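For reference, the chains in residue letters:
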Amino acid sequence: MDQPTLQHDKLYIGGEWRRGRGAEITSNFPADGSLNAHLPGASLEDVDLAIERAQDAAADPAWRHLLPHERASYLYRIADGIAQSADRISQVQSRDTGKTLTETRALAMSAAGTFRYMAATLETMEDALTPSRGNFLTMSVYEPLGVTAGITPWNSPIASDAQKVAPALAAGNAILLKPSSWSPLVCLELARVIEAAGLPKGLFSTLPGAGSIVGERLVTHPAIRKVSFTGGTETGRDIARKAADKLMPVSLELGGKSPAIVFADADLDVACAGVMFGIFSSTGQSCIAGSRLFVERSIYDAFVAKLVAATKRLHVGHPFEAATQVAPLIRPKHRDEVEGHVKRARDDGGVILTGGERPAGVDYAGGTYYLPTIIAGLDNTASLCRDEVFGPVLAVLPFDDEADLIRQCNDNSYGLACGIYTGDFPKAWRVARAIDTGTVWINTYKQFSISTPFGGTKDSGLGREKGRDGIRAWMAQKSLYCDLSQAPHPWAKKSL
Ligand code: NAD
């Protein structure tokens, strides 16, 4: 496959392509460590310039008062632009993150779908005429917030970027996007598409750079009226504290340690495929990874043996090979962290059933590969069952009955997702309602729809994205009272 030209030496700031004045960011291809690009990142001056331009653009009546169907037309054009550039976006993102082309193409198409859905939703949104308690016309209307920011992680950038940019623009705001320094390139492809769609200048800027500098400035700057963040729980907590100081709304999509549950009455092929997909696709670098597997004790040995055998057959390989199911991890530093988790699990008495090491052979030399790993023999209180690994590492545990299962699943600080495999629908329903989490899949895993809200409970986050209300989350609600009597207020009448 031809390598795409990764000529990314400028950032899109305030509607213009400018050289960033911040620290240089290096992007390498995780499959072999080769250089993708040196990109000058954004400086604090760049952030301030982007905010200034965004304030002007957001306040301009030409944007703020644009009718919904006219605003929607920009989003439809962006959706079409992403779909038309999906191959290029996918290649850039695979080079930047090491994800398979199959996956990054799906992420690009999902981003296009997000813009299209938000455009369609915008066209059908209604304000409310509320029941009046007097001779008034009373209304509740939604208005843009003004200048907003999206801060995203490296694992699925184009999709998580779209999840912030599309509803923010649909709501009539300006949005400044700060991607992770580990995946700085694909947001520039999004900027090209947005520019080509003719979005008024200043409404969108992209500011790759360090979280502690660029991200921090976006969160604390008085002009920013909302931050939507996707990333780690500790970063999310820090952002929430700073947002509290300026009483700014935040949306936080954070980490997870999600349980997958296999009952004895499940279709074991369906369960085995779902469990493997849930933890090993994206090489486990997924917030919703099903990383704690609970198997009913009566089938524990047989199911785990089946799962281990199938896992050994997964194709670990180059992101550009069509057969690849498990691609490299994003960076050597991240692989070191994954290895640290596995070492701790071993020290805690965990037994490695498969994986637990890097693959050997010339095909893997120079790449940040790690084998899909299954570890048994740990208790739900072990660090491997508590901490997010964000890699292809699965802990397997037996359970005895529903009460024992629900207690173990909920005994965790996270609450992002859960997968249940069973042939008994009433049981699936009962267990799904008892698990403290944001999303439950039954006989499947990691399925998404932009029309269905997404978010977590407990340490997994605050607020929901997507769905019809996804746009409202980027708006301010205003109440309007209009007097219909056209007479002076009785309280003051005598004094007139
Ligand atoms: P991270 O928290 O390190 O970084 C996320 C983003 O925040 C990056 O752009 C980073 O530069 C920025 N950032 C870092 N410090 C900041 C600060 N002090 N102020 C403002 N911004 C700051 O996370 P990561 O390593 O990039 O991504 C992995 C994490 O993201 C995992 O925990 C994963 O579970 C989570 N995640 C959650 C979801 C979800 O929807 N719940 C989706 C994907 C990833």
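Keep in mind it's a predicted model, so treat the numbers as computed, not measured.

Draft legend 1. Local environment of the domain arrangement of the protein. Here the protein is described as being made up of domain 1 (3-254 + 460-480) and domain 2 (259-442). Inter-centroid distance (C-alpha atoms) of domain 1 to domain 2 is 31 Å. Domain 1 puts 24 residues into the contact, and the matching count from domain 2 is 25 residues. For the pair domain 1 and domain 2, the summed buried surface comes to about 2000 Å²; carbon and sulfur atoms form 58% of the total.

Draft legend 2. Structural context of unusual backbone geometry. With a phi angle near 60 degrees, K446 is a residue other than glycine that sits in the positive phi range. Summarising the element assignment, K446 is placed in the loop between β19 (439-442) and β20 (457-458).

Draft legend 3. Quick peek at the layout of surface pockets. Of the volumes computed, that of the second largest pocket is approximately 250 Å³. Surrounding the second largest pocket, 16 residues form its lining, P68, R71, D127, Y142 and M475 being those nearest its centre. Those elements that place two or more of their residues in the lining of the second largest pocket are α3 (68-84) and β6 (136-144). No other element matches β6, which puts 3 residues into the lining of the second largest pocket.

Draft legend 4. Examining the side chain of N155 more closely. Locating N155 in the fold gives a position in the loop between β7 (147-151) and α6 (157-170). A polar side-chain atom of N155 sits 3.2 Å from the main-chain carbonyl oxygen of Q285. In contact with N155, other than residues within four places in its own chain, are K99, Q285, S286, C287 and F390.

Draft legend 5. Structural detail: the sheet that holds strand β22 (residues 475-483). Taken in spatial order, the 3 strands line up as β5-β6-β22 in an open sheet, and their pairing is antiparallel. Of all the strands in the sheet, just β5 (128-130) and β22 have a single pairing partner and so form its edges. Strand-to-strand twist across the sheet, computed as the mean angle between neighbouring axes with direction ignored, equals 30 degrees.

Draft legend 6. Region of interest: the site of the ligand. Residues in contact with the ligand amount to 26 residues; listed here are only the nearest, T152, K178, T235, L254 and E388. Between the ligand and T152, the relevant distance is 2.8 Å, taken from an oxygen atom to a main-chain nitrogen or oxygen of the residue. W154 has a polar side-chain atom sitting 3.0 Å from an oxygen atom of the ligand. For the ligand, whose free accessible area comes to 850 Å², the fraction covered by protein is 84%. Residue assignment for the shell around the ligand shows that the elements contributing at least two residues are α8 (211-220), β10 (224-230) and α9 (233-245).

Draft legend 7. Representation of the state of the cysteines. Evaluated as defined, the whole model comprises 0 disulfides. This cysteine, C385, is not joined by any disulfide, and C409 carries the nearest cysteine sulfur, 11 Å off.

Draft legend 8. Focus on the environment of S298. For S298, the location among the structural elements is in the loop between β13 (290-296) and α11 (300-312). The exposure class of S298 is exposed, given its relative accessible area of 63%.

Draft legend 9. Focus on α6. Given a rise of 1.5 Å per residue, 14 residues ought to cover 20 Å, and the 20 Å separating the end C-alpha atoms of α6 matches this to within 8%. Burial analysis of α6 places 14 of its 14 residues in the buried class, which makes it a mostly covered element. Where α6 terminates, the next one or two residues include G172, which has phi positive at roughly 95 degrees.

Draft legend 10. Structural detail: the environment of K99. Secondary-structure assignment places K99 in the loop between α4 (86-97) and α5 (101-124). According to the relative accessible area criterion, K99 is buried, its value standing at 5%.

Draft legend 11. Up close: the nonpolar core. Counting residues in hydrophobic clusters, the biggest one holds 78 residues, and the most contacted among them are F115, F204 and V227. The leading source of residues in this core is α5, at 9 residues. What V227 contacts, discounting residues up to four positions off in sequence, is A149, I151, L218, V219, I239, M248, P249, V250 and S251. Residues A266, F280, L293 and Y445 belong to the second largest nonpolar core, which totals 38 residues.

Draft legend 12. View of the pattern of salt bridges. In this structure the tally under the stated criterion is 26 salt bridges. For R64, the salt bridge is made with E143, and the minimal N-O distance between the two is 3.9 Å. You can see R64 sitting in helix α2 (residues 61-64) and its partner E143 sitting in strand β6, a full 79 residues away along the chain. By relative accessible area, which is 29% here, R64 ends up partly exposed. A salt bridge links R297 to D400; its shortest N-O distance comes to 2.6 Å. Remark: D400 occurs in the loop between β16 (393-399) and α14 (402-410) and R297 occurs in the loop between β13 and α11; sequence separation between them is 103 residues. Residue classification places R297 among the partly exposed positions, given a relative accessible area of 46%. Assessed through its relative accessible area of 43%, D400 is described here as partly exposed. Salt bridges linked by common partners bring E16, R18 and R53 together as one network.

Draft legend 13. Here's a closer look at the sheet that holds strand β15 (residues 373-376). The 7 strands are arranged β14-β15-β16-β13-β12-β18-β19 in an open sheet whose pairing can be described as mixed. With partners counted over all chains shown, the strands left at the sheet margins are β14 (351-354) and β19, one partner each. Going from strand to strand, the sheet's axes swing by 25 degrees on average, the running direction of each strand aside. With 5 bridges joining them, strand β12 (residues 258-262) and β13 adopt parallel strand pairing. Residue pairing in the sheet places I261 in a bridge with F294 of β13.

Draft legend 14. The packing of α3 against α5, seen in detail. It is the contact of α3 with α5, at a shortest axis distance of 8 Å, that shows an interaxial angle of 170 degrees. In terms of their interaxial angle, α3 and α5 are classed as roughly antiparallel. Crossing of α3 over α5 shows left-handed handedness. Contacts from P68, H69, R71, A72, L75, Y76, I78, A79, D80, I82 and A83 in α3 reach A108, M109, A111, A112, F115, R116, M118, A119, A120, L122 and E123 in α5. Partitioning the contact of α3 with α5 into residue classes produces 17 nonpolar, 1 polar and 4 charged.

Rules and cut-offs
- Residues numbered from 1 in each chain as written.
- Predicted model: local features only at pLDDT ≥ 70, side-chain atom pairs only at ≥ 80, totals over all residues.
- Heavy atoms only, no water.
- Domains from an automatic or database assignment.
- Contact = heavy atoms within 4.5 Å.
- Buried area = accessible area lost by both parts, 1.4 Å probe.
- Helix = DSSP H or I, 4+ residues; strand = E, 2+ residues; numbered from the N terminus.
- 1 Å grid on protein atoms, 1.4 Å probe; cavity = no way out; pocket = protein on both sides within 12 Å on 5 of 7 lines; lining within 4 Å.
- Points joined across faces, edges and corners; volume = space filled by probe spheres on them.
- Polar contact = N/O pair within 3.5 Å; in protein donor to acceptor, adjacent residues only side chain to side chain.
- Pairing = 2+ DSSP bridges.
- Axes fitted to C-alpha atoms, helices over the stretch in contact; angles between N-to-C directions.
- Near = heavy atom within 4 Å.
- Areas by Shrake-Rupley, 256 points an atom, 1.4 Å probe, with all protein chains shown as cover.
- Disulfide = S-S within 2.5 Å.
- Buried < 20%, exposed > 50% of the residue type's maximum accessible area, 1.4 Å probe, protein only.
- Expected span 1.5 Å × (residues − 1).
- Core = buried A, V, L, I, M, F, W, Y, C linked by side-chain atoms within 4.5 Å.
- Salt bridge = Lys/Arg side-chain N within 4 Å of Asp/Glu carboxyl O.
- Parallel < 35°, antiparallel > 145°, perpendicular 65-115°, else oblique.
- Left-handed = near helix turned anticlockwise from the far one by under 90°.
- Nonpolar A, V, L, I, M, F, W, Y, C, P; charged D, E, K, R; others polar.

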